[in-house]
Amino acid sequence: MDYSTKFANALKKYDFSFFGTLSIIFLVGIVNLYSATHASNESSIANLYKVQIVWFFLSMAIGVGISFVNPRNFFRFSYIIYLGCIAMLLAVLALGHVGMGAQRWLGFGSIKFQPSELSKIAVVLVLGRWFVRNNYEHELSLSDMVIPLILTAIPMLLVVVQPDLGTGLLILLIFSVIAFYKKLKWRSIVVVVLLAMLTGGVVYKFGLKEYQRQRILTFIDPTADARGFGYNAIQSKIAIGSGQFWGKGFKKSSQASLSYLPENHTDFIFSIYNEEHGLTGSLLLIFLYIVLLFRFLWLAGTVSNLYDSIIVIGFMSIFFWHTFINMSMVMGLLPIVGIPLPLMSYGGSSLLTFFTCAGMATSISNSRNLF
Amino acid sequence: MFNQEDLVKSHKPRADLLGNMVVFAFAVVLARLWYLQIYRGDLLYRFSLENRLRKENVEAPRGLIFSRNNDLLVFNTPRFDAVLVPQYISNEEQTIAKLSQILSMNPAEIKKILQKSSRQAQYLPITIKKNISHTEVAIIETEHSKIPGISVQTFIGRDYADKEIGGHLFGYISEISQQQLPKYINRDKIKYKQGDFIGQSGIEEQFDKYLRGVDGYLFMEVDAMGALKRLIRDDALFQGIDNKPAISGNNMRLTIDREMQTTAYNALEGKAGSVVAIDVNSGEILAMVARPSFDPSKFSMSLSSDYWSSLVSDDKNPLRDRSIQEHYPPGSTFKTITAIAALEEGLINESTTVACNGTFKLGKRVFHCWKKHGHGVVDIHRAIKESCDVFFYKIGTMLDINILAKYANMMGFGRRSGITLSNERNGLIPTREWKVQKNGQEWQLGETLMSVIGQSYVLVTTLQMAQAYAIIANGNSLYRPHLVKEIFSNDGRILAKFGAEKVAEVKLSEKTLRLVRDGLYGVVNERSGTAWWFKGSGIRMSGKTGTAQVIRMSAEKLFAKCEESDYKSRNHGLFVAYAPKDDPQIAVASIIEHGCHGSSAAAPIVRDVITTYMKKYRPEQMEKYIAEERAEQARLRKAMAAENKTETAPVDGPDDE
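All of the points below concern the structure found in this document.

Thresholds, definitions, all that
- Residues numbered from 1 in each chain as written.
- Chains lettered and ligands numbered in written order.
- Predicted model: local features only at pLDDT ≥ 70, side-chain atom pairs only at ≥ 80, totals over all residues.
- Heavy atoms only, no water.
- Helix = DSSP H or I, 4+ residues; strand = E, 2+ residues; numbered from the N terminus.
- Buried < 20%, exposed > 50% of the residue type's maximum accessible area, 1.4 Å probe, protein only.
- Contact = heavy atoms within 4.5 Å.
- Axes fitted to C-alpha atoms, helices over the stretch in contact; angles between N-to-C directions.
- Parallel < 35°, antiparallel > 145°, perpendicular 65-115°, else oblique.
- Left-handed = near helix turned anticlockwise from the far one by under 90°.
- Nonpolar A, V, L, I, M, F, W, Y, C, P; charged D, E, K, R; others polar.
- Salt bridge = Lys/Arg side-chain N within 4 Å of Asp/Glu carboxyl O.
- Core = buried A, V, L, I, M, F, W, Y, C linked by side-chain atoms within 4.5 Å.
- Domains from an automatic or database assignment.
- Pairing = 2+ DSSP bridges.
- Expected span 1.5 Å × (residues − 1).
- 1 Å grid on protein atoms, 1.4 Å probe; cavity = no way out; pocket = protein on both sides within 12 Å on 5 of 7 lines; lining within 4 Å.
- Points joined across faces, edges and corners; volume = space filled by probe spheres on them.
- Arc of directions from axis to C-beta.
- Polar contact = N/O pair within 3.5 Å; in protein donor to acceptor, adjacent residues only side chain to side chain.
- Phe/Tyr/Trp six-rings, centres within 6.5 Å; stacked < 30°, edge-to-face > 60°.
- Lys NZ or Arg CZ within 6 Å of the ring centre and 35° of its normal.

Re the overall build of chain A
Thinking step 1. When helices and strands are tallied, chain A shows 16 helices and 2 strands.
Thinking step 2. Counting all 371 residues of chain A, 55% fall into the buried class.
Thinking step 3. By sequence separation, contacts in chain A at least 24 residues apart represent 75% of the contacts at least 6 residues apart.

Observations concerning the packing of helix α14 (residues 335-344) of chain B against helix α17 (residues 401-410) of chain B
All names here are of chain B.
Thinking step 1. Closest axis-to-axis distance for the α14/α17 pair is 9 Å, and the angle between their directions is 115°. Relative to α17, the element α14 lies roughly perpendicular. The hand of the α14/α17 crossing is right-handed. For the pair α14 and α17, the contacting residues are Ile337, Thr338, Ile340, Ala341 and Glu344 in the first and Leu404, Tyr407 and Ala408 in the second.
Thinking step 2. Split into classes, the residues belonging to the contact of α14 with α17 amount to 6 nonpolar, 1 polar and 1 charged.

Remarks on the pattern of salt bridges
Residues and elements named next belong to chain B.
Thinking step 1. Enumeration according to the criterion identifies 40 salt bridges over all chains in this entry.
Thinking step 2. Where Lys111 meets Glu93, a salt bridge forms, and the shortest distance between an N and an O atom there is 2.9 Å. Note that Lys111 is positioned in helix α5 (residues 107-116) and Glu93 in helix α4 (residues 92-102), a separation of 18 residues in sequence.
Thinking step 3. Taking relative accessible area as the criterion, Lys111 reaches 32% and is therefore assigned partly exposed.
Thinking step 4. What emerges from the salt-bridge pattern is a single network uniting Arg62, Arg158, Glu204, Asp208 and Arg212.

A look at the nonpolar core
Soluble, globular proteins show a tendency: their nonpolar side chains are buried together.
Thinking step 1. Ile203, Phe391, Phe413 and Leu483 of chain B are the most contacted members of the largest nonpolar core, which totals 120 residues.
Thinking step 2. The residue makeup of this core includes at least three contributed by each of domain 1 (59-213 + 248-254) and domain 2 (258-296 + 319-486 + 499-643) of chain B.
Thinking step 3. Contact partners of Phe413 of chain B, with chain neighbours within four places excluded, come to Phe334, Ile337, Ala408, Ile429, Val460, Gln464, Met465 and Ala468 of chain B.
Thinking step 4. One finds Leu140, Met145 and Ile171 of chain A together with Val8 of chain B within the second-largest nonpolar core, a separate group that totals 114 residues.

A word on the pairing of strand β18 (residues 484-488) of chain B
Residues and elements named next belong to chain B.
Thinking step 1. Taken across its 5 residues, β18 has 4 buried, putting it largely inside the fold.
Thinking step 2. In the sheet, β18 pairs with strand β19 (residues 494-497) via 3 bridges, with the strands oriented antiparallel. By the bridge assignment for β19, Glu486 is matched with Lys497.
Thinking step 3. Between the antiparallel neighbours β18 and β19 lie 5 residues, among them Gly492 with a positive phi of about 90°.

Regarding the sheet that holds strand β12 (residues 285-291) of chain B
All names here are of chain B.
Thinking step 1. Reading across the sheet, the 5 strands line up as β12-β11-β23-β22-β21 and stay open at both edges, with antiparallel pairing between neighbours. Only two strands of the sheet have a single neighbouring strand rather than two, namely β12 and β21 (542-548). For this sheet the average axis-to-axis angle between neighbouring strands, irrespective of direction, equals 5°.
Thinking step 2. In the sheet, strand β11 (residues 273-279) pairs with strand β23 (residues 586-592) via 7 bridges, with the strands oriented antiparallel. Residue Gly273 lies in a different strand from β23, and its bridge partner there is Ile592.
Thinking step 3. Each of β11, β12 and β23 is contacted by helix α11 (residues 258-267), which is oriented at about 25° to β12, the strand it contacts most.

Comments concerning unusual backbone geometry
All names here are of chain B.
Thinking step 1. The linkage connecting Arg291 with the following residue, Pro292, adopts the cis geometry, with an omega of 0°.
Thinking step 2. Along the polypeptide, Pro292 turns up in the loop between β12 and α12 (297-302).
Thinking step 3. The peptide bond linking Ala579 to Pro580 adopts the cis configuration, its omega dihedral lying at -15°.
Thinking step 4. Position of Pro580 relative to the elements: it lies in the loop between β22 (572-579) and β23.
Thinking step 5. Even without glycine at this site, Asn70 takes up a positive phi of about 65°.
Thinking step 6. Along the polypeptide, Asn70 turns up in the loop between β2 (65-66) and β3 (72-84).
Thinking step 7. Overall, the relative accessible area of 44% leaves Asn70 in the partly exposed class.
Thinking step 8. Positive phi, close to 60°, is recorded for Asn423, a residue that is not glycine.

Regarding helix α16 (residues 348-367) of chain A
Thinking step 1. Its 20 residues place the ends of α16 of chain A 28 Å apart at the C-alpha level, agreeing with the 28 Å of an ideal helix rising 1.5 Å per residue.
Thinking step 2. Within α16 of chain A, 20 of the 20 residues are buried, which leaves the element mostly enclosed by the surrounding structure.

Some details on the environment of Phe74 of chain A
Residue and element names in this part refer to chain A.
Thinking step 1. By the secondary structure assignment, Phe74 is in helix α5 (residues 71-76).
Thinking step 2. Phe74 sits in the buried class, given a relative accessible area of 5%.
Thinking step 3. For Phe74 and Arg129, which are 55 residues apart along the polypeptide, the C-alpha to C-alpha distance reads 9.2 Å.
Thinking step 4. Those residues in contact with Phe74 that lie beyond four places of it in its chain are Ile66, Val69, Tyr307, Ile311, Met360, Ser363 and Ile364.

Quick notes on empty space enclosed by the protein
Residues and elements named next belong to chain B.
Thinking step 1. Here the structure, examined in full by the defined rule, presents 2 cavities of 30 Å³ or more.
Thinking step 2. As a volume, the largest cavity reaches approximately 50 Å³.
Thinking step 3. Among the elements of the structure, β11, α20 (462-474) and β17 (477-479) are those that each provide at least two residues to the lining of the largest cavity.
Thinking step 4. Per-class residue counts for the lining of the largest cavity are 6 nonpolar, 4 polar and 1 charged.
Thinking step 5. Here the second largest cavity is characterised by a volume of approximately 30 Å³.
Thinking step 6. What lines the second largest cavity is Asn525, Lys535, Gly536, Ser537, Gly538, Ile539, Arg540, Met541 and Glu629.

Overview of the layout of surface pockets
Thinking step 1. Estimates place the volume of the second largest pocket at around 1,900 Å³.
Thinking step 2. Leu172, Leu173, Ser176, Ala196 and Trp321 of chain A are, among the 46 residues lining the second largest pocket, the residues nearest its centre.
Thinking step 3. Secondary-structure elements contributing two or more residues to the lining of the second largest pocket are α8 (146-160), α9 (165-181), α10 (186-207), α11 (210-220) and α15 (306-330) of chain A together with α2 (12-39) of chain B.
Thinking step 4. The residue inventory of the lining of the second largest pocket, partitioned by class, reads 40 nonpolar, 6 polar and no charged.

Looking at α4 of chain B
All names here are of chain B.
Thinking step 1. For α4, every residue scored as buried is listed here: Thr95, Ile96, Leu99, Ser100 and Ile102. Along the axis of α4, the buried positions cluster into a sector of 160°, meaning they face one direction only. More than 90 degrees from the buried face of α4, the exposed residues found are Glu93 and Gln101.
Thinking step 2. Against β3, α5, β4 (126-129), α6 (134-143) and β5 (150-160) lie the buried residues of α4.
Thinking step 3. Between a side-chain oxygen at the N-terminus of α4 and the backbone nitrogen of Glu93 the separation is 3.2 Å; the capping residue is Asn91.
Thinking step 4. Looking one or two places after α4, you find Ser104, whose phi comes out positive at around 40°.

Regarding the packing of aromatic side chains
Thinking step 1. Scanning the entire structure with this criterion turns up 34 aromatic pairs over all chains.
Thinking step 2. Between Tyr14 of chain A and Phe16 of chain A, the aromatic rings sit 4.9 Å apart at their centres with planes inclined by 55°, giving tilted as the arrangement.
Thinking step 3. Through a chain of ring-to-ring contacts, the aromatic side chains of Phe19, Phe26, Phe56, Phe57 and Phe355 of chain A assemble into a single cluster.
Thinking step 4. Taking the ring centre of Phe75 of chain A as reference, the NZ or CZ of Arg129 of chain A above it sits at 4.6 Å.
Thinking step 5. If you follow Arg291 of chain B out to its NZ or CZ, it ends over the ring of Tyr265 of chain B, 3.8 Å from the centre.

Given below as structure tokens:
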């Protein structure tokens, strides 16, 4: 076979579905980001969409590069990636203590990067490897969960003390999805859920004073004014509701242009989207997310080894939790915890995370036909 | 590990369940979207159009400040500002034109204000004019519908009952500056925001964290013009927001006496100088006044640029608190300290005498006494009473400068008193080491001779002077001067109490104290004393005059008429006293810049302040003293008539010094 036929064959086998869906959602997102920020007085905000486009191409390039890596290497390097990630989290903490206050970033020259983003992927990989190596045929009981839970808890706690409780909880939720997929016994699930609800509820309701509850909310996201939280949530609800069925139209968001909504390019981007495109716009967007999530689910059921299946489920859960938590919080269903909406919210580190997940999934998908 | 297809397949039920959960989760999201966008859509749409929900800051009133007798000295008073919300402006030109008419402002000025705030969010009000009159308020209220966006905002202004009296003491509040904002947030861990008023000087600054309250906020529904429609209470939609009432600041009770403040202020009329009155048994400040002063209420109501520039450009600098932020050579008032050092060190005693012929020779240098032809033979009593320089020059040849410095430091000179006010000066008490460090030169004996009479490098503040004489009055205690009796909350709870704080025990022998006190009493109460003409009545004051040279003068200039030289080279006048003699309660110091003479410029001020004190706090004692003085005078007259002598009063009035 000459070189070009080989390339043509590779291209034929190449699974474009992940990058394709991601790109469509990003397209919606970038148009929306432009609409939300173009009216800003601050040129740094008004130009964010350009920065986001640069991040998109960078993340896409990295994602595509990863898609050509043999998935066996993901398995092989699971622990190394995991340990590297923990080292970086420790480095962030060390540097953070020097700088006082919350520190989530590691700088490599001018490029800044959040190791807490990488830790989501690292946890997926290491859980996949552990569950495969200890390949239980039977359903898992709580005692089988001790070591995976420890593997999850280490990076999670390191993220929580940054402090970034939101991402920490997200890591725990990713673990729970994988544990569920890996056939944790129903009895165990019921026990865990009941226990969590009971202790959490009792502590929150009776064990804490009002100001402590507020402090928990502040702790989840230190940048948010715990007292002003209600106000932002109301403005967000007004923005969403005012979109009604058809929306006010592109660049017509009054909440955005009058800067009623803070953080409207990151956490509250979904509110602006709804104000401008209404329920119809949301139906389209949610449809796209569901397509993406089911693409992951479908892939997980058709691969030929368990490791690939588990990590694809893990990636699915990363996308799912981000999407669901962000939408719920801006609609006032959950407290505001600073979780971005995938491909819609501004932010380079999160774009890189999502494209890395997509790249690994594509690699796994492409490899199905090789063996 | 490959070909685990069956194993993977065995997980399918769980994968399917995950799929169902995803669908269910998004169904919840869609249901919520339907509720907000369809069910509540109309309402929320209208809300978004009008932006009807507004979060208003509720300013917390600052705490009140009372005198020691519960006179209200500093309080809050409403101030009305005209504000404009740019979001509602339909025709900017027209709005500006109408506004300039109502507020009698230049249209260009309004335009400039609007441009300056053009970068902030459109719904935030911009202050056009502060502290508008009631007529202007009324016009704006009626014209409101014709000029969209204009409204009146009420603020809490700060007012000071006695305006300029004690301006420095109370200090002023003004908006936190851009530079202060990040610095103070970091320092106080308080979330200051732009537009917040903070104490910038005096008590307002030092006790800001007690006086300031905690701002609250209020959610309001406003109409399309931006006017208040109703306060938001409960609506299913507004769950999660709640109003927060403002918490007003704590109040203070000072040690200050209002009448004494007023007396001191009036006595300083036309002068540049200061008065400090201190309770000798506790260090409580009873009065602390400096002139020229400023009106702090102007700062929080509406500081006009005219007033500000008049303060800043005045070369007498009315913003400076002359009682602690300026230091002066103490002149002869310092001789008391020299006398104490010499007596305590045993260099002199009550029988030591010096013959004063008006000059004192040290090598080739000639030192002059203020009395050109000399005092004759003087002992310590006369030396203090008549302020004989030559007597002290003689001490200067025996007393090491470092020993003098030791006693001066013991009595509180050369360092901050620790009063809770900012920018207090140290003053200066020179030592040999200080001079070597300062300019690399050895200390000269001639400098000691000038130091013992309070010249050369010696510098003191008015407060230090009062504090030192309080020690002579109470016999042994250096108290930290303080201004605040207590801080109490609105419900009357006492949050902090400040009592006498003894900084040091000053051990002076009974003999030294007796000799010095007798001398000081003679200054005021004996005919040849330098302050005899200002002894007042019924106050039994003991004190010391001082006339401090500002520039070094030649001998003939030294005896020229001070009032005829130009202002800047005139001598400072000082007077420090305590009273009453046998049961001292109060020490008062006054320094008058370029006042020429301590006796004529400063002594009457101190006398007036002490008289006010005695009248108010010791009326019976005062009456008794007056009766005794009258009896004494009658006795003298009788004695003189018996000896058939007529009293001849000095024709030249008060003695110079």
